[in-house]
Each structure stands twice: as structure tokens, then as C-alpha cells.
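Observations on the three-dimensional arrangement
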Amino acid sequence: MTISAPHPAPAPPPGPAGEPAAELRDVHIGFRSGRHVTPVVRGISLALRRGRVLALVGESGSGKSLTSLALIGLLPPGAELTAGSVRLGGEDTGGFSARRWREARGGRVAMVFQDPMAALNPGFPVGWQIAEPFRRRLGLGRREARERAVALMREVGIADAPARFGDHPHEFSGGMRQRAVIAMALALEPAVLLADEPTTALDVTVQAQILDLLAQRQREDDLATLLVSHDLGVVARLAQDIAVMYAGRIVEQGPLDAVYTRPAHPYTLGLLEAMPEAADPGEGNSGGRLKPIPGVPPDPRRPPGGCAFHPRCPFATDLCRAEDPPLIEIGGGRATACHHSDQVLTEESA
Amino acid sequence: MTVTEPGAAPEDTGTVLKVSGLEAGYERPGRHGFGRTRVPVVAGIDLAVRAGRTLGVVGESGCGKSTLARAIVGLRPPFAGTIEFAGADLAAAPPRRRRRLSRDLQMVFQDPYTSLNPRMTVAAVIAEGWSVHPGIVPRDRRDAEVARLLELVGLRADHGGRRLHELSGGQCQRVAIARALALRPRLIVCDEAVSALDVSVRAQILNLLADLQAELDVAYLFISHDLDVVRHISHDVAVMYLGTVVEYGTAADVFGDPQHPYTRALLSAAPSVHDRPESAAGGIVLTGEVPSPAAPPSGCRFRTRCYMATDACAADVPALEPRDGLPQSVACHFADSAGSTAPPP
Amino acid sequence: MSTIAPAPPVPAPATASGGTGRRRLPAIAWVGLAVLALFVLAALAGPLLRPYDPVATDLPHRLLAPGARLGDGSVAWLGTDQVGRDMLATLLAGSRVSLVVALATVVIGGAVGLVAGLAAGYFGGWTDTVLSRIGDVQLAFPSILLAILIAGVLGPSITNIVITLAVTRWVIFARVVRASALATRELEFVDSARVLGAGHLRILFRHVLPNCWQPLLVATTVQIGLTMVAEASLSFLGLGIPPDAASWGATVSAGRDYLGSAWWISTMPALALAAVVTAVGVVGDAFRDLADPRAQL
């Protein structure tokens, strides 16, 4: 089904005023091994506001998934929040008991994972799994929960919802499964939606459908969404704001359009230029060469001194090798962590 | 159906691989448990790879592109059709001869961590082919040759003594490429060879593949779901859908002026850094998902998801042929040079 | 699906190679190793120190309690049996039989099982069907009955008991190896070797076999213990070793009639057997965990 129904222009984004729906304040996450802690996320601050999509972009190992898991209190075993605070609707979750977290999950913050097959229990009908929060959390009766679930399945574009209510996950296609997972996430009308690579496991044409669905739900439910992805193209479809992560830190942050058009950090610039799209502006093989970022991301156990990106950076100077640049405002709602952002900005416009 | 070699340019050096009427797939127990039923995941494909050039094969999961790759390198015996390579039909060659021919036909897999034996050193991984095919490199020259190959793919000679888990994903994929090159093949099948890599590293490997082609004149059959990557690396392109090729031509023709509704939809759905939330609507969003290869639709296989479909599409299978003066071959009844397959506004 | 998810966040340092410190054997495994070392030492050197003479009888010193002093001034630390033989000498001689039988059985059964399992798992098809069915039939038949049958036909001897036990055990090894070979055959690096043009032998020995050793080793440690018990059981029934050799099982059997008056005759070999079998299990588990940390979770 085509979800691209005509819609009114998006409402003007609410200003930075007001309490964010979810917020990370200087969050540090590390992997503990005995007494030693390997820092993986090193001081991240983010704010998610209703009606906005923030893209968190980075390559594997950048810490973007851990960051999103911290927002829902689901850090994997071994990983721990070593500093900073996670706030939901203005409330610090630092003192949350396991029970408080369970109540918050689903009701206030929900998550859509990459692999819909892993997010669904293969042993139970899909509809039953969507209806479960209505029964367990809202205490609805069997019939009423079923009605709510069927309505929700319709909303996420599962055709013939009443008939498919009793189908098991393996009877659903990949795209339909991800729709079901989205329905489960939205069941209790959370304010915050975390989507960790929601379309990475899907085909291009199905990915387009799911992105449309997410955009539609985002608009209609006025969600505060965090979209975690490694794909610069996917996030461009959905997000108004972007934060680029490298080696556990945000290196650049701001409105997506401005960041993509004039990146202020060499890593963002490198990522955009490494895309085949950048090398072949026309059609077909222009014979052009790609511009990869040389080298590989640092090992979190042996971080380079100074700026973590300096060994791969064409702008690196002695200053970069000595001093880790802080994330500073550069105007236009943007911030970057680079000593040479002025140079990077002119590089792109040149 | 004749095999068309798209855009046969004057400098054309001939064809290294020619696939005709290829059918391949899997077998499953037949009805009532008797016999076995063949499910053709690849249902009749004609393709040609030009020497020293790259044929990109693009399509979504279930289109049969991986089955095609595995049939060509001999990992999955085809049900029907011929695979002409180096003057022999690989599909009909006896195992011993097939193994000898495999020297010239190598493959790079998607995930280097699973496709290379983790118990072996990098040098052993690269040199394994020389033990299988004696006579390529004499025993006393092997260390030097491993070092040369490592440098060729952008690694250092001292990487030879390491094990794979000590290397990054990109470095491992370089090892996989060196292993394939060690046999000095004329064709390398790359099955999603860069899909597991991060953007920045992916660009390194794509550049390496291009450099190696320029230097060694090796041809690639480059299989990927990523349109941008295929567009970048390919000279010719085949777009696959549910076991058949729906559009086939030079990369410039297919990507520049796509004619099959599926190719149009695929290109329109591909994410781009130029997309924005406000401008997202308006692209072609296909409904539904790919049907099962065990029960393909009658006639045109794409008709169940096509915005152009008519009754004729259910009745007749459209042939993959150049239509109405189009430079590429298109398997659609409506394709013509006037662009009749353009999506409805 | 063709897209690979970006790798999981960052490998936890504990699982990374060359991580912090090597994994160490737990203390209990060292205890087990010590017991096993003592056992092997006893089997090798024991009979030299305390010769065992099956036909010697010393009726005046029969049924002496552990620690009793003999006529020649020596001390029978573990007592004497119903015909006055020193229990310690009997146990030492029995340990040799136990060790020989266990090792020979596991080596022979393991070798047969390895070959059969590799062939069945790697080639599949008819080979697999035939070998697996033979194995199934044999497992369905109670192994103790089979052993009684074979021992009955061939007569009691150490060679025969090894044959008997190997025949009943190879299926276990074959199953373990078959499962690993089957799993390895599907791995992509086997495909990669095939694309290279490698033949079956090379793929079997270079790529499949190395992945079968570890499960085979685990099966072996389990089977060594079970084989000792089986040998003792057969000997207890009189179907095992001939009467002129000592076996823990036979000794337990012989002591049955004296349980009321001389408990040590049956108890000492039973304790020895329990200690060794437990030690084998503990050490086997420890090595398994060392090789595969996931098994601990």
C-alpha cells in the first residue's frame, strides 16, 4: 500500500524552548572487564523534542547503538553508564528501579529494532503480541484489546488486519514484520520513539514503504524520534536534525540540511564524499574515483591522543594531535568538535 | 533468445563469460513426500560479461542474484542452461575439468570473517590456491608472491603472518581479494563484496577493485543490492527481479534512462543524501513485496506490484529485448523510446 | 537479505583477542588433574612397586582391615581381601586395566567414529543415511546386552573387552563428529575452498576436520569415564577381564559377599573408580570451557 498520502506541510518546528521529551546529559558509557572500564561513549548530550526526528549517524563501533539503548534503560550486559544522566520528560532516570523502567518502556519511550524477526516472539500470533500491552498495561479485556490491536495493525498498513491477527511471525514478510514491530512500539502511545537501523534488514523498495510509515506516524502521533543509522541517505528522508558520532563522541550536530550542504567536521565531510553518489553526479559510471576516508576507526582500548579522528584527517595539525577539541557552537543551531572547522566549511563551498 | 552484449564498444575485447537460459535454485521434497520438486530461484537468465569489464547485477533479496553467483562458480549445479567460460560449458563440465577451469573464475564473498578459514594465517589463506593448482607459483617463490599480492591489495607484507581476527573488516576483504587474485583469474564474481563494510572503508575497497581491473584486466561480475555502488563500479548492468533479468544494458543507459517500471521504482526508492523529509513524497513507492519463487505470477513476474500492469501482462511473458530503438534491453510490454513506462503523476 | 547489519556496537574487551590476561583453569580442575596424574602414575608404576600375584594366597592374613600389619612387617594400608592378597596391589593392578581399556576403547571407537562421522556429515546423502541408520539400530539395542553377547561369544580377555566397548561406543563419537562436520560443511569458507577448486580430501582435512577436534575431545573425556564404568560393570558380571587379571569391577564383585564383614574389599575399588571418573569429568569440562567460553553462559 502506498502511504504517501498528501499531507499538509509540516508544522513549524517548536523552538528549543520547553522541556525535551528525552534528554541525555554528558552521558559516558563503558564496557567493564574486571576493574578496567573501556570507554565507548564519551560524553554525549542530546535532546529529543516532540515532532522532530533526530538522526544519530555513525559507523559500526561509534557508540550510536549504545547511546540509544541508554535512553530506554537497556544497556547490554557488561556496559554501564559511568557518568551523566538520562532524562525522560524532564525526570532523571538515575534512580529508576527495574520496575520503573519497565513502566517507562512502551508507555513513555519505545524502540524499533533492526531485525523484526528477533523482536517478535516466533511462538505467538503477531496480533496477540500487539494486543498484549493493551491487556497487561491498560487492563483491557480480550475483545477490546483485540479491537485496539486490529485498529493499530490497520494504522501501520497491515492489509486485512482481522484475518492476519492470528498469523505467526514466520507467516509475515519482512516488511510486514517490521510494521508489526512498529505497531507494538506505538501501542501505548509513547512520546519518544527510538529506531535503531529500522530499515537496514529490508529491501530498498520495502525500505521506502517503512520510511513512509515512520514519517506518517511521526507526524500524526507527534513523536520525538531518534533515528539511529549508518546510512546517510536513509536519515535524509526522515530527520530534520542530525548528530554525527565518531569514536564515542558527537563530532558534529545541527539541522540536517545545513550539515549535509556545508559540513563543518572533516569526518562528516569525508563520509559524504565517500558515498558513490558524490563521485558519480551524473548517470552511469563516470570513471570517477571515490574519496574514501583513509585508515580505520580507532580501537576504543587504545584511543589516539588528542582528537580521535586526527590519524585519518586531512586537516590534522599538531594542535589536533595534542588537544581533543570540545563540541562548540558555530551558529545556526550547529555545533562541531574540530579545531579547524572554519577551514572545513570553506573547503566544502570551494 | 539471443544474448545481447550491451553497448559493444569498438575497443571491445570479447566476452569472458556467457550465461544462456540459466535455471538454478533449490530442491525440496515433492508433494506427499515423494520425489523432489525443483524451485528455480533463477528462472532463465541470459547475460554476458565482457573481458576486463564489470557487469553489475542489482536486485532485491529473493531476486536470485546470489543463486546466480553460486551457479556460475559451481557451488550450485544449474537445472538448465549453459555457462560458457573459457571455451567450455561449465554447466556440463565434469568435476575434474570444472576444478581446473576454476583457476580462472574466482569469487569474493560478502563476509570475509565467515568466508575465510579463521584457523589459517593470512599468508596460508592467500596461498591455498597454489596447493590446489600446482604450477602457478613454484614452492620457493610463494612467500615472495604472497608479499607481492599483499602489497597489491594495499596491505603490508608482514600482515601475512597474522590471523584474520587480528584484522579489520576492510583488511579482511582485501585478503579475500588477494586470495582470489592469487590464481590470476580472468573473472571474479563479487557477491555483495562491499555490503558488510562501513561507508568510508567501502570506498577504499571499491577504489581498489577499480585499480586492480585497470592493472590486471580482470573482469568482475559484481552483485549487489546497492544501486549507487553498482552504478559506480559497473560498465554494464542487469536488473533482476524474481529470478529474471528485467533490464539489461550499459550502466549509463540503464541508470540514465531506466525503462522498466521496476528499475524506475528501484531508482526512485534508493535513499540519497539529497532526500529531505519534505520532498520524500512523490517517489514511486511499490506496494507489496516480492512473491515466492516457488509460486511466481503468470506472465510478467513483476505485474503483481507494477503500476502499469494490464491483463496482457498476466498472459504474456515479456521478452528481454531492445525495444523501439532503446539502447538497452527491457522485459516490459510497454517499454518504448517515448518513455511510456513513466509512473503516473 | 544482503545487507549486513553494522557490527555490534564494540566488542566487549573480554571477548576480544589478546584481551586482558589468558583464561585460567579453575582450582577444581587442578584437583581433578592431580587425581588423574596419580591414577596414571599408579597404573604405570604401581604394579612395579607392589607386584600383584593373582594366584598367591595368604590365608592367615585374609580379610585384614586397612592399616593392619602383615606377617612380614609391612602394612596393608587398604587391608587384604578374602584370600589374603594386599588390596593396594590389587587396586594398582586394576588401575592399569582400567587405563588400558579406557584408552584403547576411546582411541579405537574414536577413530572409527571420526571416520564414519566425517564421511556421513560431509558427504551426506546415501553415505549419511546408511551410517546413521546403522548407528541408530545399534543405539536402539541395549549396549550392555550387546556387550554380554560379544563377550559371551569371544570369551573374556582384555582385547575382547576393548572390542566390545569400542563397538558399543563408536556411534557416540560418530554422532558428535557428524554434527560438527555437517555444520562446518555449510560454512562459507568451505564454499570458498570449493570455488578455489579444492577437492574433497583437502576440504575434509584442511577445513572440516579442524572444526571437529574440539567436540570430539569433549566427547572423549566423557567417554573415558563411562568406558571405565562399563568395563567395571562387565567385569562385575564376570564378562570382562579374565579371572587372572585384576579389575576394579571384578574386585567390587568379589567383595560383595563380604560387605558385612570386610567392607573395604568392595568399597576401595568403588571409591577409586568414582574418584577417577569424577576427575575426568571435571577436567574435561574445564578444558571445554577453556576452548569455548560461550559454553559457560
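Residues numbered from 1 in each chain as written. Chains lettered and ligands numbered in written order. Predicted model: local features only at pLDDT ≥ 70, side-chain atom pairs only at ≥ 80, totals over all residues.

**Quick word on the nonpolar core**
Core analysis: the biggest nonpolar cluster contains 287 residues, and Leu221 and Val239 of chain B have the highest contact counts within it. For this core, the element with the highest residue contribution is helix H2 (residues 87-123) of chain C, accounting for 15 residues. (Core = buried A, V, L, I, M, F, W, Y, C linked by C-beta atoms within 7 Å. Buried ≥ 20, exposed ≤ 12 C-beta atoms within 10 Å, placed from the backbone. Helix = DSSP H or I, 4+ residues; strand = E, 2+ residues; numbered from the N terminus.)

**Observations concerning the environment of Leu211 of chain A**
Residues and elements named next belong to chain A. With respect to the helices and strands, Leu211 occurs in helix H8 (residues 204-221). Judged by local crowding, Leu211 falls into the buried class, with 25 C-beta atoms found within 10 Å. In this structure the C-alpha to C-alpha distance between Leu211 and Val235, which are 24 residues apart in sequence, comes to 9.3 Å. Residues within four places of Leu211 in sequence aside, it is in contact with Thr199, Val234, Arg237 and Leu238. (Contact = placed C-beta atoms within 7 Å.)

**Comments concerning the interface of chain B and chain A**
Every contact between the two is made by 43 residues of chain B and, on the other side, 46 residues of chain A. Sorting the residues of the side of chain B that touches chain A by element identifies helix H7 (199-216), helix H8 (227-233), helix H9 (251-256) and helix H10 (261-269) of chain B as the ones contributing at least two each. With seven residues, H7 of chain B is the single largest residue contributor to the side of chain B that touches chain A. Classifying every residue of the side of chain B that touches chain A by side-chain character gives 20 nonpolar, 15 polar and eight charged. (Nonpolar A, V, L, I, M, F, W, Y, C, P; charged D, E, K, R; others polar.)

**Remarks on the sheet that holds strand S3 (residues 53-57) of chain A**
All names here are of chain A. Spatially, S6-S7-S8-S3-S9-S10-S12-S11 is the arrangement adopted by the eight strands of the open sheet, whose pairing is mixed. The open sheet has two edge strands, strand S6 (109-112) and strand S11 (328-331), and neither has a second partner. Geometrically, the sheet is characterised by an average inter-axis angle of 20° between neighbouring strands, direction not taken into account. Note that S11 and strand S12 (residues 334-336) share three bridges and pair antiparallel. Looking across to S12, one finds that Gly331 is bridged to Arg334. (Pairing = 2+ DSSP bridges. Axes fitted to C-alpha atoms, helices over the stretch in contact; angles between N-to-C directions.)

**Some details on the environment of Gly74 of chain B**
Residues and elements named next belong to chain B. Within the secondary structure layout, Gly74 lies in the loop between helix H1 (65-72) and strand S4 (80-85). Judged by local crowding, Gly74 falls into the buried class, with 23 C-beta atoms found within 10 Å. In the structure, Gly74 is positioned 218 residues away from Ser292 in sequence and 24 Å away in space, judged by C-alpha atoms. Setting aside anything within four residues of it in sequence, one finds Gly74 in contact with Leu90, Arg98 and Ser102.

**Comments concerning unusual backbone geometry**
Leave glycine aside and you will find that most residues have negative phi; peptide bonds, for their part, are mostly trans. Phi at Asp222 of chain A is positive, roughly 50°, even though this residue is not glycine. Structurally, Asp222 of chain A can be placed in the loop between H8 and strand S8 (224-229).

**Some thoughts on the interface of chain C and chain B**
Taken together, the contact pairs 20 residues of chain C with 27 residues of chain B. Within the residue set of the side of chain C that touches chain B, elements represented by two or more residues are helix H6 (188-196) and helix H7 (200-208) of chain C. With seven residues, H6 of chain C is the largest single contributor of residues to the side of chain C that touches chain B.

**Regarding helix H9 (residues 248-255) of chain C**
Burial analysis of H9 of chain C places eight of its eight residues in the buried class, which makes it a mostly covered element. Trp248, Gly249, Ala250, Thr251, Val252, Ser253, Ala254 and Gly255 of chain C are the residues of H9 of chain C that are buried.

**Brief notes about the confidence of the model for chain C**
Residues and elements named next belong to chain C. Across chain C, pLDDT averages 80, with 90% of residues at or above 70. Taken as a whole, residues 1-21 scores under 50 in pLDDT and shows 49 contacts with residues more than four places along the chain or in a different chain. Throughout residues 293-297 the model reports pLDDT below 50, and contacts reaching past four residues in sequence, or to other chains, amount to four contacts. Per the prediction output, this complex has pTM 0.83; the corresponding ipTM is 0.85. (pLDDT = per-residue confidence, 0-100.)

**Side note on the pairing of strand S3 (residues 54-58) of chain B**
Residues and elements named next belong to chain B. Counted residue by residue, S3 has five buried out of five residues, so it is predominantly covered. Relative to strand S8 (residues 219-224), S3 is paired through five bridges, and the arrangement is parallel. Residue Gly56 lies in a different strand from S8, and its bridge partner there is Phe222. Where S3 lies against strand S9 (residues 236-241), four bridges are found, and the strand directions are parallel. Pairing of Val58 across the sheet is with Val239, part of S9.

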